[in-house]
Amino acid sequence: MSEESIPSSSTPLPTRLSRLRNWLSLSGLVVAVSAFFAFMLLFSVDLFATHANPYMGILAYVVAPSFLLVGLAAVLMGYILETRRIPKDHPEMVSNFILHVNLARTRDRRLLVGFVGGSLGFLFLTALGSYETYHITESNSFCGEVCHTPMEPQFKAYQHSAHAKVACVACHVGPGAGNYIRTKISGMRQLYHMILGDFNRPIALHNVNQRPAQETCQSCHWAQKHTGDLQKTYRHFLADETNTPFTVQMVLKVGGSDPVHGPVQGIHSHMSVSNKVEFIATDEGRLKIPWVRVTDANQKVTEYRTKEFTDDISKYDIRTMDCMDCHNRPSHKYLSPNAAVDQSMAFGRIDPTLPWAKAKVVKALVQPYATREEANQKIESFLRGEYPDEKRVGALIKEAQAIYAANFFPEMKVDWRVHPDLIGHKDSNGCFRCHDGKHLASDGKSSIKGSDCNACHLIVAQGSGKDLEKVDAKGLTFIHIDSENSDPSCNECHNGQTQE
Ligand code: HEC
Ligand code: HEC
Ligand code: HEC
Ligand code: HEC
Ligand code: HEC
Ligand code: HEC
């Protein structure tokens, strides 16, 4: 025992334990112990919970460990401050700062085992914590729900999309540590603006974090694939008393872009595999494209420009066309009121035998509302007023409100007008941004190939009832309801609201 006793000195030296008896260390201890128990509790709840909650994860793996670290730091700080109060020339100060480990001593062996065990435990918890932090900050609910107000429109639309099971980060972050860190830094900035509430409404049109398609879309979709023709049916209902059905059945010539896997043809011919299409857009949303350049498989280069565009192209950024220049809303598509009501009718959620239902529901949806609550109330009172003695009005109101909830976000000022889908040419200029026949080559005559009605698709049947049985594989001429007006710039009339 004698070897363990500390030699006595003239002034009593506070023992190491008693140096922890100060307010700072004690409060640190309380914080650390509570954080530890909070962590254990949250951790076990998280382990056994069936439904993952993003806030729970953040509390368990980010907030609680931070408090634990702050607590431990306070304990240490207090200890150091107490030690500093002992006069420097005290004979034992020197020996106090030297670590004597003697494995022959039972006490030292126990201490060592305790120390190693404790460190391993701490390391394990930190590793688990960092892994879980990584996991959580990459999760869909973190991206879509924690920032709920600003990202609600994107999250809601995403849940209805073909990519509802694809993680946000697969399209927005891309692989690798560099991308992870870059996104998290911009995420901090976003968090700051979210707390202040001074984020843009709607949030930036063009996502600053958008990775190039090669790193995102093409990690799942094979750009070389030859898709061939796709058949699609577009079901509409006119804005008349009987909600007359009007259907268009089309074969879309999607084709492919790699000569190794099939002919380079059709819509996918400009996916920049063998042909390369580059362009200049003069607006942020890339809706105005006055200049296009194509390099074909034989390296032949052709430039097209509109008559009005006489600028020097070196002033602009030239963009190479990729998947997202057509598929710009693969997972956040907001339907126009016209399209949304057509869909509900086609699926039987709105009864097409209810007179004027198409026109009236669209009218209820397009009014300017400041909040969702206001919209729900006014949609209800409007439709009740229109159908005073109708039993089916309850179901109609419910469906109209559901369409509104899925496609309109008045608080964020987001709807189909803010984020148009560029895949076709009816409600937005889409393909006609280039295929409008107005982009001319240097000869001043020939325009971009593929700009006549049968270049991209064949209409195999159209109309309703018996008319739909007249199928023509060679392609029919489009019969437009409003036949006197046949200006091909469809979106000049079709703005997504009903034409009266
Ligand atoms: C299949 C790929 C894909 C997935 C999955 C995806 N996004 Fe997007 N996202 C896009 C594309 C493409 C854009 C449009 C970029 C553009 O127009 O420049 C976009 C745009 C956005 C924008 C900018 C605003 C806007 O509407 O244009 C936000 C915010 C956003 N996404 C959030 C999310 C969140 C949150 C998730 C997960 C819940 C998610 N995204 C999942 C592809 C995706
Ligand atoms: C993590 C893998 C993954 C990524 C990344 C991804 N997709 Fe997809 N995509 C899928 C899957 C899986 C489907 C099929 C969904 C189904 O059949 O229900 C799909 C379907 C599609 C479809 C058919 C859509 C439909 O409505 O049927 C298109 C178009 C598409 N993706 C485009 C894109 C574009 C553009 C991007 C990049 C912005 C992208 N995808 C990124 C996995 C992915
Ligand atoms: C020039 C515009 C354009 C470009 C560029 C483009 N696509 Fe498409 N893609 C279309 C059109 C149009 C369709 C037909 C479907 C439709 O109209 O919704 C289609 C269909 C698809 C489909 C659905 C095929 C199916 O079998 O259902 C997938 C998947 C797809 N594209 C992926 C991609 C990917 C990945 C890229 C980039 C490598 C890409 N597309 C580039 C216009 C384009
Ligand atoms: C940025 C401009 C641009 C946009 C937007 C665009 N295209 Fe093209 N497209 C071109 C160019 C350039 C060519 C090559 C034409 C040529 O060689 O003269 C082309 C070729 C085609 C071809 C092949 C024509 C042929 O006969 O060889 C089809 C089909 C086509 N595009 C369909 C579409 C569809 C569908 C969309 C919309 C989803 C679309 N394009 C959007 C620029 C564009
Ligand atoms: C550059 C390619 C291209 C050209 C040229 C083109 N279309 Fe289309 N069109 C498309 C694509 C792509 C879609 C499918 C959009 C979608 O899937 O939402 C489409 C869809 C349509 C539809 C169905 C829309 C709906 O919602 O019912 C009609 C009708 C149509 N086109 C008529 C025409 C007519 C008429 C012309 C000639 C004036 C024409 N198209 C020229 C690419 C083209
Ligand atoms: C001068 C204005 C105008 C132009 C240009 C125009 N449309 Fe229409 N379109 C109408 C009107 C009006 C109706 C009837 C709407 C109703 O009763 O619901 C209509 C109805 C339709 C419908 C069926 C109903 C619906 O609401 O979708 C389709 C499909 C359609 N148009 C496609 C096109 C296409 C494709 C183009 C371009 C080639 C085009 N339209 C150009 C005015 C126009």
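The residue numbering used here restarts from 1 in each chain and proceeds along that chain's sequence as written. To read the labels, note that chains go from A and ligands from 1, taken in the order they are written. Where local features are concerned, this predicted model is filtered to residues with pLDDT of at least 70; where side-chain atom pairs are given and counted, the filter is 80 or more; whole-chain, interface and lining totals use all residues. Calculated side-chain values reflect all of the structure's heavy atoms, with hydrogen atoms and water omitted.

Undergrad: Tell me what's going on with the overall build of the protein chain, and back it up with residues and numbers.
TA: Within the protein chain, the regular secondary structure consists of 14 helices and 7 strands. For each residue, the accessible area found with a 1.4 Å probe, counting protein chains only, is set against the maximum for its type, and the residue is called buried under 20%, exposed over 50%, and partly exposed in between. Burial status across the protein chain gives 35% buried among its 500 residues. Contacts between residues were defined by any pair of non-hydrogen atoms, one from each residue, lying within 4.5 Å. Pairs at least 24 apart in sequence give 62% of the contacts found in the protein chain among residues at least 6 apart. Computed with the Shrake-Rupley method and a 1.4 Å probe, the accessible areas treat only the protein chains shown as cover for residues. Of the roughly 30,400 Å² of accessible surface on the protein chain, a fraction of 61% belongs to carbon and sulfur atoms. In DSSP terms, a helix is any run of H or I states spanning at least four residues, a strand is any run of E spanning at least two, and both are numbered starting from the N terminus.

Undergrad: So what's going on with the pattern of salt bridges? Residues and values would help.
TA: For this analysis, a salt bridge means a side-chain nitrogen from Lys or Arg found within 4 Å of a carboxyl oxygen belonging to Asp or Glu. Counted by the stated rule, this structure contains 20 salt bridges. One salt bridge in this structure joins Arg384 and Glu380, with 3.1 Å as the shortest N-O distance. You can see Arg384 and its partner Glu380 sitting in helix H12 (residues 372-386), 4 residues apart, about one turn around the helix. Its relative accessible area of 42% is what places Arg384 among the partly exposed residues. In this structure Glu380 comes out as partly exposed when scored by relative accessible area, which is 29%. Arg392 is the partner of Glu390 in a salt bridge, and the nearest nitrogen-oxygen pair spans 2.9 Å. On the basis of relative accessibility, which here comes to 33%, the residue Arg392 falls in the partly exposed class. One connected set of salt bridges, linked through shared partners, spans Arg286, Arg319, Asp322 and Asp325.

Undergrad: Describe the sheet that holds strand S7 (residues 457-463), listing the residues and the values that go with them.
TA: Two strands pair under a simple rule: DSSP has to find at least two bridges between them. Read from one edge to the other, the open sheet built from 3 strands follows the order S1-S2-S7, with strand pairing classed as antiparallel. Where the open sheet ends on each side, the last strands, each with one partner, are strand S1 (228-237) and S7. Between one strand and the next, the sheet's axes are offset by a mean angle of 15 degrees, whatever the strand orientation. Axes here mean lines fitted to C-alpha atoms, for a helix over just the part in contact, with angles spanning 0 to 180 degrees between N-to-C directions.

Undergrad: Any chance you could break down the coordination of the iron atom of ligand 5 for me, citing the residues and the numbers?
TA: Only nitrogen, oxygen and sulfur atoms qualify as donors, provided they sit within 2.8 Å of the metal or within 3.2 Å for Na, K and Ca; with water excluded from the atoms, sites may seem incomplete. Looking at the metal site, the iron atom of ligand 5 is ligated by His425 (NE2) and His457 (NE2), spaced 1.9 to 2.0 Å from it. For His425, a relative accessible area of 24% puts it in the partly exposed group.

Undergrad: Tell me what's going on with the packing of aromatic side chains, and back it up with residues and numbers.
TA: Between rings of Phe, Tyr and Trp, where Trp is taken as its six-membered ring, a pair exists when centres lie within 6.5 Å; planes separated by under 30 degrees are stacked, by over 60 edge-to-face, and by other angles tilted. Enumeration over the complete set of coordinates arrives at 9 aromatic pairs. Ring centres of Phe246 and Phe478 lie 6.4 Å apart, and the angle between their planes is 75 degrees; this geometry places the pair in the edge-to-face category. Here the residue Phe246 occupies a position in strand S2 (residues 245-255), and Phe478 occupies one in the segment after S7, the gap between them amounting to 232 residues. Residue classification places Phe246 among the buried positions, given a relative accessible area of 11%. Phe478 gets classed as partly exposed once you look at its relative accessible area, which sits at 43%. Relative to Tyr316, the ring of Phe309 lies with its centre 5.6 Å away and its plane at 55 degrees, an arrangement referred to as tilted. Relative accessible area serves as the criterion here: at 23%, Tyr316 is assigned to the partly exposed category. One aromatic cluster is present, built from ring pairs that chain together Tyr369, Tyr404, Phe408 and Trp416.

Undergrad: Run through the packing of H12 against helix H13 (residues 393-407), naming residues and quoting values.
TA: The N-to-C vectors of H12 and H13 enclose an angle of 150 degrees; their axes lie 10 Å apart at closest approach. Between H12 and H13, the angle is such that the two are roughly antiparallel. The two elements H12 and H13 cross, and the hand of that crossing is right-handed. Taking contact as the criterion, the partners of Arg372, Ala375, Asn376, Ile379, Glu380, Leu383 and Arg384 in H12 are, on H13, Val393, Leu396, Ile397, Ala400, Gln401, Tyr404 and Ala405. A class-by-class count of the residues in the contact of H12 with H13 yields 9 nonpolar, 2 polar and 3 charged. Any angle that falls under 35 degrees is termed roughly parallel, while one over 145 is termed roughly antiparallel, one within 65 to 115 roughly perpendicular, and all others oblique. By definition, any crossing whose near helix is turned counterclockwise from its far helix by less than a right angle is left-handed, and any crossing with a clockwise turn is right-handed. Asp, Glu, Lys and Arg are counted as charged, while Ala, Val, Leu, Ile, Met, Phe, Trp, Tyr, Cys and Pro are counted as nonpolar; the rest, among them Gly, fall into the polar class.

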